[in-house]
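Letter by letter, the chains look like this.
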Amino acid sequence: MSEEPERPGATAGERLRARRVERAEALRRDGLDPYPARVARTHTTAAVRALLEAADGATDPALPSVTVAGRVTARRGMGRASFLDLRDGAGRLQALLRRDALGAEAYERLQLLDLGDFAAVEGAPMRTRTGEPTVAATAWRLIAKALRPPPEKFHGLADVEQRQRRRYLDLLANETTRETFRARSRIVAAVRHELDARGFLEVETPVLQEEAGGAAARPFRTHSRELGEDRYLRVSLELHLKRLLVGGFERVYEVGRIFRNEGFSQRHNPEFTMLELYQAYADYGDMAALVEELVGGVAAETAGSTSVRFGDHDIDLRPPWRRITFHEALREYGDFDLDAFGDTEALRAELRRRGLDAPAAASRAKLIDVAVSQLAEPHLIQPTFLLDYPVELSPLAKRKADAPGLVERFEAFVGGFEIANAYSELNDPVDQRERFEAQRALRAAGDEEVELADEDFLLALEHGMPPAGGLGLGIDRLVMLLTGQTSIREVILFPQHRRARDGR
C-alpha cells in the first residue's frame, strides 16, 4: 500500500490521521466502501452473551450464526489468528478471526483496521478455553473508518474541560461517565412516572417568549426577523403553566430547558433542565409533601435506596424532611435576627461588618438573599424545607394570612444546596400587578435580575385562577444528588464553555 507523502512539519496527530485516510482510500481502491449505508446486525454483544449462557450445560447447543457490530477497542494478533474486542451500546464482546476461516484476502485486510474503527463480524458464538464469550468469525467488514484515534485511556482525558467540551471522547473512554448519563435518563423517566401516576398532565410551553417572566434572572435576547420583534429565551416555565390552570387544567407539569444569562459555578450552568408543576386546590404544604415523596421515590426506584452518599455526607431522603422557617434558620446558623434590621442601610452595614458582599446598589431583597445563602444554606445538609420567605424575595407567592410581610414559600435543600422551590401561588391579580410594579421600579434603578411584568399573564389572572400550589425542581441538581456528582457540568452532556481558541 502506498503512503501519501507526509507534510513537512506535520504533528504526530496529523500523521496518524493521514495514515488512516490512506487506509480508507485503499479500501475504496479495492472496491469496498469504508462507510457503507447499512449493516445487517442480528445481535447485540449482550444478546450473544445471553445465547452462550443459555447454551451452557446443553448437550447440543446448536447456536445460530450471528452478526455483531461495534467499535474496535482492542486488537491482539497471533500470526494466523487475531482477536478483536468490539464494543456496542450493550457492552463488549471478543471476536476470533482466523486466516483459514476468513480466507487470505479478507484476513490480510485486517491490516487496514485501526482502533476506534467500527466493524461487523459474522460467525458462531463460542467460548475460548478460558471461557471468554467469543464470535468465531467467518466474515468481517469495516463499517465506519475513524480518522482519529480514540483517547488514551489513562492520560488523554485528564483535562476536565476537555472531557466536558468533547463529551463524546469522555463517553468513549469512561464507563463511569456513561453510567452517570444512563442514570440521568432513568431519573427523568422515574420523575415522569411518579407524576403521571398522580394524575398530572405533561405539557409543553414556549421557549421563545415575549416577556421572560417567572424568575428573577437576566434573560438571553434574540430577534425574530419575520415578526420584526425581539424575543427572550425563557427563564422559567411558570407563567405559561399557570395560564393552563386558568384554562381549566388542574394538574400540569413540564420538564423543560431553561436559559439564564448568568455566570457559571459548580451548581450553575446558563442552560439547565427544570421540572415545574402546578396543582389546583393545593398549597405549599401539599408541595412539600409531594417533593419529599417524589425525591424519595425516585431515589428508591433508580438507585435502589433512599440513602445516598454526597461528598462527605450520608444523606437520608426518606420522608418526612425537616422543616424550619427562614428566620429560624438565620438565627440558628448565623446568629442573625433579620427582624432587627428593618432598615435596608442597617442591613447592608451588618452584612459588611460580617465580611459579606453587600454592594451599595443592592436592593433589600438581594441583601436578604446574601444573608441566607451565606449564613444558613451551607449548613442544610440533610433534607430540609426552608419555609416562609420575606415577601421581597417572592413576587409570585401568596402572602401568609397572619404575617403579610412573609409569603407561603419554601425552598428544599439537600447537601447544602437548593434542589426545589415552591409557593402557594399568588392568584390575586391586583396584588400581582402591584408586585410587578415594585419589580419594575427596581429594574428602573438598575437591577437587571428582577421579575419582568407580563401583561398577558395579568390578563389571564383577571379571568380567575384557582388556589394552587406550584413547584420547581432542578433536574440537574437532582441527578447530581442521586449520582454523587458535585459539579453540575458532570451531569449535563454538553455544558456551556467559552469558545475554544482554536475554534474547535
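Everything quoted here is computed from the prediction, not taken from an experiment. (Residues numbered from 1 in each chain as written. Predicted model: local features only at pLDDT ≥ 70, side-chain atom pairs only at ≥ 80, totals over all residues. Heavy atoms only, no water.)

Draft legend 1. Geometry of the packing of helix H7 (residues 175-197) against helix H15 (residues 475-483). Between H7 and H15, whose axes approach to 10 Å, the crossing angle comes to 120°. Relative to H15, the element H7 is oriented oblique. Both H7 and H15 take part in a crossing whose hand is right-handed. Where H7 approaches H15, its residues Thr180, Ala183, Arg184, Ile187, Val188 and Val191 are matched on the opposing element by Ile475, Asp476, Leu478, Val479, Leu482 and Thr483. A per-class count over the contact of H7 with H15 returns eight nonpolar, two polar and two charged. (Axes fitted to C-alpha atoms, helices over the stretch in contact; angles between N-to-C directions. Helix = DSSP H or I, 4+ residues; strand = E, 2+ residues; numbered from the N terminus. Parallel < 35°, antiparallel > 145°, perpendicular 65-115°, else oblique. Left-handed = near helix turned anticlockwise from the far one by under 90°. Contact = heavy atoms within 4.5 Å. Nonpolar A, V, L, I, M, F, W, Y, C, P; charged D, E, K, R; others polar.)

Draft legend 2. Molecular detail of the sheet that holds strand E5 (residues 133-144). Pairing in this closed barrel of five strands is mixed, and the strands run E1-E2-E3-E5-E4 around the ring. When the angles between neighbouring strand axes are averaged without regard to direction, this sheet yields 55°. Alignment of strand E1 (residues 66-77) against strand E4 (residues 118-127), held across six bridges, turns out to be antiparallel. Pairing of Val66 across the sheet is with Gly123, part of E4. (Pairing = 2+ DSSP bridges.)

Draft legend 3. Molecular detail of the confidence of the model for the chain. Taken residue by residue, the chain gives an average pLDDT of 92. The fraction at 70 or more is 95%. Below a pLDDT of 50 lies the segment residues 1-5, which in the model reaches ten contacts outside its immediate sequence neighbourhood of four places, other chains included. (pLDDT = per-residue confidence, 0-100.)

Draft legend 4. Here's a closer look at helix H8 (residues 238-247). Here H8 has its buried residues at Glu238, Leu239, Leu241, Lys242, Arg243 and Leu245. Contact partners of the buried residues in H8: strand E10 (251-259), strand E11 (271-280), strand E18 (417-424), helix H14 (455-462) and strand E19 (468-474). Positive phi appears at Gly248, one or two residues downstream of H8, with a value of about 120°. (Buried < 20%, exposed > 50% of the residue type's maximum accessible area, 1.4 Å probe, protein only.)

Draft legend 5. How the structure looks around the packing of helix H11 (residues 344-353) against helix H12 (residues 364-375). At a closest axis distance of 10 Å, the pairing of H11 and H12 adopts a crossing angle of 30°. The chirality of how H11 crosses H12 is left-handed. Contacts from Thr344, Leu347, Arg348 and Leu351 of H11 reach H12 at Arg364, Leu367, Ile368, Val370 and Ala371. In terms of residue class, the contact of H11 with H12 is made up of six nonpolar, one polar and two charged.

Draft legend 6. Main features of the sheet that holds strand E7 (residues 208-209). Here three strands make up an open sheet; going across it, the order is E7-E9-E8 and the pairing antiparallel. Taken across any chain shown, the strands that pair with only one partner, and hence form the sheet edges, are E7 and strand E8 (221-224). Note: E7 against strand E9 (residues 229-233), two bridges, orientation antiparallel. The residue bridging Gln209 from the neighbouring strand is Tyr232, located in E9.

Draft legend 7. Molecular detail of the packing of aromatic side chains. Counted by the stated rule, this structure contains five aromatic pairs. Here the aromatic rings of Trp321 and Phe385 are separated by 5.3 Å at their centres, their planes lie at 25°, and the arrangement is stacked. Remark: Phe385 occurs in strand E15 (residues 384-390) and Trp321 occurs in the loop between strand E13 (313-316) and strand E14 (322-325); sequence separation between them is 64 residues. Each member of the pair Trp321 and Phe385 is classed as buried. One Lys or Arg, Arg409, reaches over the ring of Tyr389 and ends 4.3 Å from the middle of that ring. (Phe/Tyr/Trp six-rings, centres within 6.5 Å; stacked < 30°, edge-to-face > 60°. Lys NZ or Arg CZ within 6 Å of the ring centre and 35° of its normal.)

Draft legend 8. Representation of the nonpolar core in the model. Residues Phe326, Leu330, Phe336, Leu347, Leu351 and Leu386 are the most contacted members of the largest nonpolar core, which totals 47 residues. Sorting elements by how many residues they give to this core places H12 first, with seven residues. Excluding residues within four positions of it along the chain, Leu386 makes contact with Ile324, Thr325, Phe326, Ala329, Val372, Leu380, Arg409, Phe410, Glu411 and Phe413. Ala190, Phe200, Val298 and Val414 belong to the second largest nonpolar core, which has 45 residues in total. (Core = buried A, V, L, I, M, F, W, Y, C linked by side-chain atoms within 4.5 Å.)

Draft legend 9. Region of the structure containing the pattern of salt bridges. Counted under the stated rule, the structure contains 48 salt bridges. With a shortest N-O distance of 2.6 Å, Glu108 and Arg99 are connected by a salt bridge. Given the relative accessible area of 35%, Glu108 is considered partly exposed. Given the relative accessible area of 23%, Arg99 is considered partly exposed. Two residues, Glu179 and Arg182, come together in a salt bridge whose shortest N-O distance is 3.4 Å. Pair noted here: Glu179 and Arg182 are both in helix H7, with a separation of three residues, about one helical turn. For Glu179, a relative accessible area of 32% translates into the label partly exposed. For Arg182, a relative accessible area of 32% puts it in the partly exposed group. Via salt bridges that share partners, Arg20, Arg23, Asp114, Asp117 and Lys145 belong to a single interconnected network. (Salt bridge = Lys/Arg side-chain N within 4 Å of Asp/Glu carboxyl O.)

Draft legend 10. The arrangement of the environment of Ala189 in detail. By the secondary structure assignment, Ala189 is in helix H7. Residue classification places Ala189 among the partly exposed positions, given a relative accessible area of 46%. In this structure, the C-alpha to C-alpha distance between Ala189 and Pro219, residues 30 residues apart in sequence, is 29 Å.

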